[in-house]
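Reading the structure
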Amino acid sequence: MNGMTRRVVIGTAAVSMALSLAACGKAGDGGAENKGDGKTIGLLLPENKTTRYETFDRPIIEAKIKALCSECEVKYNNAAQDTETQKKQFDALVTQGVKVIILDSVDYKATKSWVQQAEKKGVKVVAYDRLAEGPISAYVSYDNEKIGRLQGEGLVKALGAKAKEANVVMINGSPTDPNAPLFKKGAHSVLDTGVKKVVYEQDIPDWSPDEANKKMGAAIDSLGKTGFQGVYSANDGMAGGIITALSKQGIKVPVGGQDAELAGLQRILMDQQSFTIYKQIKPEAETTAEIAVALLKGKDIAAYTPTKVTSLTGEFKDIPARLYDASIVTKENIASTIVADGVYKAAEICTAQYKAACDAAGIK
């Protein structure tokens, strides 16, 4: 991520937070309102470096809540990858009397005491996308270990006949994200037998593309330009940083990703990135909204949560959950998945720079 992009992202976060805090302040004026009106749902998302949260998750959740409950209000905040900021946002919602909070945590381990305190005050917490610690009421996400397996399979397939002789670099996600070790575990279950060896591996705090870029540079310095034949990247944002580091050294090897970000899809079309993982955000986001509204109205949520999960520490068991599937996306099926599902229009992907590649891939 270059300096200008970073400034824009941080600026957007600051404006977003300022507006959100202003909105919270207004709603909190006058002591009587702080008792909670039974019509407000809190929505806390973890960061804005990954484009999906502001582009998809937030608007889909807000729209579905509005459709199900026209009188309901959503109090939204983004933590910009800061645990202390998210704690303040969470505590503020509880103080204001909000009875249901959708929480996508920055650091899953940190949430235990927050959720316990909230539960004592009758506040129900729905863990969204990432499984938070604590007595949460429901969890909606994907089968994240399976996603890791898909990533491993995507890389092995991209390596082709040379896979068994290939050395691979692994750039994993943030240690504070509970999904990251599951992606890693799933990927290892495939790569440990599918390739020759994982020769360099690093976890990247905050899913930072800049840090992924630096670590890829360090891997090249350590292994040499021909010391590896493929790179596992836990998401598309980091894949961008990794591919920049590889290109700088004139290295061309398969690189995978995750999230089907627009920039990732465009890199796939240009043969810079081999694949991404497409997770249908709409069903995940809409199910979460349905659960939140049901909890707000005191209704049963069993119909939305067909399975049960245990928290990562093993302390909290039988959490009602819904886990969705995902799929590998390559150049061959962008049209039949991403475009067909309306995630991005062909015109958004196929700007002038990518027009020829889109035509070749049959994206219209």
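See the structure shown above.
The rules we used
- Residues numbered from 1 in each chain as written.
- Predicted model: local features only at pLDDT ≥ 70, side-chain atom pairs only at ≥ 80, totals over all residues.
- Heavy atoms only, no water.
- Disulfide = S-S within 2.5 Å.
- Helix = DSSP H or I, 4+ residues; strand = E, 2+ residues; numbered from the N terminus.
- Buried < 20%, exposed > 50% of the residue type's maximum accessible area, 1.4 Å probe, protein only.
- Contact = heavy atoms within 4.5 Å.
- Pairing = 2+ DSSP bridges.
- Axes fitted to C-alpha atoms, helices over the stretch in contact; angles between N-to-C directions.

Let us look at the state of the cysteines. Taken as a whole and assessed by the stated rule, the structure comprises two disulfides. Each disulfide pairs two cysteine sulfurs, and for Cys69 the partner residue is Cys72, the sulfurs being separated by 1.9 Å. Judged by the torsion about the S-S bond (70°), the Cys69/Cys72 disulfide is right-handed. When the bonded cysteines of the protein chain are counted from the start of the sequence, the pairing works out to 1-2, 3-4.

A separate point is the environment of Asn213. Along the polypeptide, Asn213 turns up in helix 7 (residues 209-223). Of the residues examined, Asn213 reaches a relative accessible area of 27% and is grouped as partly exposed. Residues Asn213 and Gly241 lie 28 residues apart in sequence; the distance between their C-alpha atoms is 4.4 Å. With near-sequence residues (within four places) excluded, Asn213 lies in contact with Gly241, Ile242, Thr244 and Ala245.

To continue, consider the sheet that holds strand 6 (residues 167-172). Overall, parallel pairing links the three strands, which are arranged 7-6-8 in an open sheet. In this open sheet, the two strands that pair with only one neighbour each are strand 7 (197-203) and strand 8 (230-233). On average, each strand axis in the sheet is tilted by 15° relative to the strand beside it, whichever way the strands run. Alignment of strand 6 against strand 8, held across four bridges, turns out to be parallel. Bridge pairing links Val169 to Val231 in strand 8. Where helix 7 meets the sheet, it contacts strand 6, strand 7 and strand 8, and its direction lies at approximately 145° from that of strand 7.

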